Structures are given as C-alpha cells and as structure tokens.
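# Secondary and tertiary structure notes
Letter by letter, the chains look like this.
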Amino acid sequence: MSAPIEHTSPVPSPAVLEPFGGGGGRAVMLGHVHPDADVLGTLLALGLALEGRGWNVAYGGPHPAPDLLAFLPGVDRYRRLDTLGGPLDVVVLTDCPNPLRTEGLIDQARRTAKVIVNIDHHPDNRRYGDVNWIDTSAAATGEMVYELLRALGVPLTPAIATNLFTAIHTDTGSFRYSNVTSRTFTIAAALVGAGARPEVVSESLYERRAPDALRWLGEALTRVEVSEDGRLGWLALPAGVVPERIVESEELVNYPRSVASVRVACLLRERDGTVKVSLRGKGDVDVQKIAAQFGGGGHVNAAGCTVPGPLPEATRQVLAAVRRAVDRSPSS
Ligand SMILES: [Mn+2]
C-alpha cells in the first residue's frame, strides 16, 4: 500500500475492511509485550473469524499469553514468536500504541507483509500501520473488533463472543470505569446473546486464586499509603516482598484507587533496578499526561510508565508529578 490510511470513528470504513476482503490469505495476529485480555481477546476473535472465512492465521508475539487467560478460546494457538515467517498478506496489531512494544517483530512484518493493520483505542497511538483505525471513544479494542466483525458479516461464535466479552470486561474494570458507554453495554449484550457467559468469564478472571494468594495480598496491602489530604493513594512494592505471580495476577493498583477521597492511585513495583508504575484516575485528572512525563502512556484514567530505581527515589518523583496534576485539577 502507498499512503497510510487513518480512520477514527467507531464504525470501520471500507478502507479498514479492505485488507480482510477477498478469498482469504495468510495472516499473523501480532501481540505486544505482556499481552493482556484486550490484546489477546481481540487478536483471537479476529483470527478465528478470518479462519472461518478460509484464512490461514498464526497468533503470537514477544511473550506468551499469561496463565490467567488460559480460558480464552483458542489461546493455546498463541505462541511466543522469534520470527513471523512469510510472505504474509496481513499482519494485525490490536491495542498496541507503540510498535516498539513488539520487540522488533514489527520490522519483520514491514518486510514480509503486504499490509499492516493497526487497530487501537489509545490516544497516543503512533499510527505505524498501513491502515490505522484509532477510535479513542472505544472503552476497549474489543468494541472495535466487534464492529469490524459485524461490518465483515462474520457470524459470532461462542468462542469469538467470549474473547471479545473478556476484552471489554477487563478494559472497563468489569464495566465500572468512566470509559463505559451505552455502546459498551449494547455490544456486551450482543456478545452474551452470541454465547459469552459472564459468570464463566468473571470466575475465570477473579476466582482462581492460589491458596496462599490472600495472605500475600494482605502482605502487599499493609504497604498502601494515602496522602494527608486523602487525594493521592499509592502502593510502593520493593522487589521480592511479594512473589511475582501474585503481583501479576492481582490488580493491586485498584486498592488505593478504592479509597473514596483518592483522585489518583499509583502502584510502583521495583524489579531488576527499575520501577514499573501504574496510574489510575477517576475522571478528573488525566493520568496519561503524568505517565507521558516519564516516557509512558495509556488512557485518561489508566496509564503506566517505567522509571529508574531505586524505589524510594522513583516514588518521590512520581508522587511529585501526581501531586502537581491533582493540585491543578479543577474539581479537587
Ligand atoms: Mn485496551
């Protein structure tokens, strides 16, 4: 393709649909580092739909799917990839704002694929595809892929519906965040109608703890702190105090976020000399702008970045930036 295509509204344009037309071909559904449920659910849903139309589809990325998401239909097909193979007709990336997060696989895609399709809802998406469909009004990329499959006239199987429902479920904090719209529920209703089972998804995501997980969670929660004025909540976790599997499977940032007065919550995890930071807002402070000061990104209410250690210095710097943003926000 020559000039890159950009599309930003919720319903895909003919140019967005065009790479998926015709009688099939070879496609790779390419995930980014540490793929989450919005990434995996959308890649699997779209890939399974294309397979139903005669395409040959491979799934993978720089990291394997996490154990927590082993219930997603088809996720056993998702592999850690060193090479993409080729030649390919289409490479699709979903929920991936920055192509550097493919650890070089995007460069192979540029050499071996006719078209790279970039489907995302992050405002800071770099528009690196031949086709860039960026709908920042979507609560999850799952909403966008639902619209894509509808426009393609693909039947929603229970497997496809479960993948998309999980993508939307996780990116909306179980339909609780301010990104949720009536469209989110309309799409979720259609997915349940097509065979997604909310109780199975909820149980798979939230009721699969290891027997010792609550004790470790308790250990972590003793470190939650709230600022004197109540508006900042944070949890700074030194390396090694809680097993990595617990930190990976618990959304620890939700605990400081759950304090009524907190406007911005922050989780700081130290590992290998760096500190991974997750920021959550409640609609009145744009945490993406805070993350961007440290080279990170995300959404208005959910963002992240990585800063150099040691943990106390990283915590001091990040909280200073959060404090400036909270103090500037009009409603607080
Ligand atoms: Mn997402």
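Reading guide: rules and limits
Residues numbered from 1 in each chain as written. Predicted model: local features only at pLDDT ≥ 70, side-chain atom pairs only at ≥ 80, totals over all residues. Heavy atoms only, no water. Helix = DSSP H or I, 4+ residues; strand = E, 2+ residues; numbered from the N terminus. Rg over C-alpha atoms; globule rule 2.2 N^0.38 Å. Buried < 20%, exposed > 50% of the residue type's maximum accessible area, 1.4 Å probe, protein only. Contact = heavy atoms within 4.5 Å. Donors = N, O, S within 2.8 Å, 3.2 Å for Na, K, Ca; no water. Pairing = 2+ DSSP bridges. Axes fitted to C-alpha atoms, helices over the stretch in contact; angles between N-to-C directions. Core = buried A, V, L, I, M, F, W, Y, C linked by side-chain atoms within 4.5 Å. Parallel < 35°, antiparallel > 145°, perpendicular 65-115°, else oblique. Nonpolar A, V, L, I, M, F, W, Y, C, P; charged D, E, K, R; others polar. Domains from an automatic or database assignment. Buried area = accessible area lost by both parts, 1.4 Å probe. Salt bridge = Lys/Arg side-chain N within 4 Å of Asp/Glu carboxyl O. Polar contact = N/O pair within 3.5 Å; in protein donor to acceptor, adjacent residues only side chain to side chain.

### Overview of the overall build of the chain
The helix and strand inventory of the chain stands at twelve helices and 13 strands. Radius of gyration (C-alpha) of the chain: 20 Å, near the 20 Å computed for a compact globule of 332 residues. Along the longest, intermediate and shortest principal axes, the C-alpha atoms of the chain span 60 × 40 × 40 Å. The buried share among the 332 residues of the chain stands at 51%. Taking as baseline every contact in the chain between residues at least 6 positions apart, the subset at least 24 positions apart corresponds to 65%.

### Re the environment of Ala-321
Checked against the element boundaries, Ala-321 lands in helix 12 (residues 311–328). Residue classification places Ala-321 among the buried positions, given a relative accessible area of 1%. Taking the C-alpha atoms as reference, Ala-321 lies 8.2 Å from Gln-293; in sequence the two are 28 residues apart. Apart from residues no more than four positions distant in its own chain, Ala-321 is found in contact with Ile-290, Gln-293 and Phe-294.

### Describing the coordination of the manganese ion
Octahedral metal centres with six donors ideally show angles of 90 or 180 degrees, and tetrahedral centres with four donors ideally show 109.5 degrees. Protein coordination at the manganese ion comes from Asp-38 (OD), Asp-95 (OD), His-121 (NE2) and Asp-171 (OD), with a distance range of 2.0 to 2.3 Å. Read N to C, the donor residues that coordinate the manganese ion are spaced as D-x56-D-x25-H-x49-D. One end of the pair, Asp-38, is in helix 2 (residues 37–52); the other, His-121, is in the loop between strand 6 (113–120) and strand 7 (131–134), with 83 residues separating them in the sequence. For Asp-38, a relative accessible area of 0% corresponds to the buried category.

### Details of the sheet that holds strand 3 (residues 56–61)
The seven strands lie next to each other as 1-7-6-5-2-3-4, forming an open sheet whose pairing is parallel. Both edges of this open sheet fall to strand 1 (5–7) and strand 4 (78–80), since each of them pairs with a single strand only. Strand-to-strand twist across the sheet, computed as the mean angle between neighbouring axes with direction ignored, equals 20°. When strand 2 (residues 26–30) meets strand 3, the two strands line up parallel, connected through five bridges. Across the sheet, residue Leu-30 finds its bridge partner in strand 3, namely Gly-60. On top of the sheet, helix 3 (residues 105–112) reaches strand 2, strand 3, strand 5 (88–94) and strand 6; it is set at about 135° to strand 6, its chief contact. Packed onto the sheet, helix 4 (residues 141–152) meets strand 5, strand 6 and strand 7 and runs at close to 125° relative to strand 6.

### Quick look at the nonpolar core
Judged by nonpolar contacts, the single largest core of 50 residues is most densely connected at Phe-20, Met-29, Leu-46, Leu-148 and Leu-191. Of all the elements, helix 2 adds the most residues to this core, at nine residues. When neighbours within four sequence positions are excluded, Met-29 is seen to be in contact with Leu-43, Leu-46, Gly-47, Leu-50, Val-57, Ala-58, Tyr-59, Gly-60 and Val-92. Residues Cys-266, Val-287, Ala-303 and Leu-319 belong to the second largest nonpolar core, which totals 24 residues.

### Here we look at the sheet that holds strand 11 (residues 274–281)
An order of 8-9-10-11-13-12 is seen for the six strands of this open sheet, with the pairing classed as mixed. At either end of the open sheet lies a strand with only one pairing partner, and these are strand 8 (224–226) and strand 12 (297–298). Along the sheet face, helix 12 touches strand 9 (232–237), strand 10 (264–271), strand 11 and strand 13 (302–308) and points at about 165° away from the line of strand 9.

### Examining the packing of helix 2 against helix 4
Interaxial distance between helix 2 and helix 4 falls to 9 Å at its minimum, and their mutual angle equals 10°. With respect to helix 4, the element helix 2 is oriented roughly parallel. Seen from helix 2, the contacting residues are Asp-38, Thr-42, Ala-45, Leu-46 and Ala-49; seen from helix 4, they are Thr-141, Gly-142, Val-145, Leu-148 and Leu-149. Per-class residue counts for the contact of helix 2 with helix 4 are six nonpolar, three polar and one charged.

### Structural notes on the domain arrangement of the chain
Annotation of the chain at the domain level lists domain 1 (5–205) and domain 2 (214–328). Averaged C-alpha coordinates put domain 1 and domain 2 at centres separated by 28 Å. Between domain 1 and domain 2, the contact holds six residues from the first and seven residues from the second. Both sides together, the interface formed by domain 1 and domain 2 hides about 710 Å², and carbon and sulfur atoms give 44% of it. At the surface where domain 1 touches domain 2, the tally comes to zero salt bridges.

### Here's the deal with the side chain of Thr-184
Checked against the element boundaries, Thr-184 lands in helix 6 (residues 182–193). Within the structure, Thr-184 has its side chain in polar contact with the side chain of Glu-143 (distance 2.6 Å). Setting aside residues up to four positions removed in sequence, Thr-184 forms contacts with Ala-139, Glu-143, Ile-168, Thr-172, Phe-175 and Asn-179.

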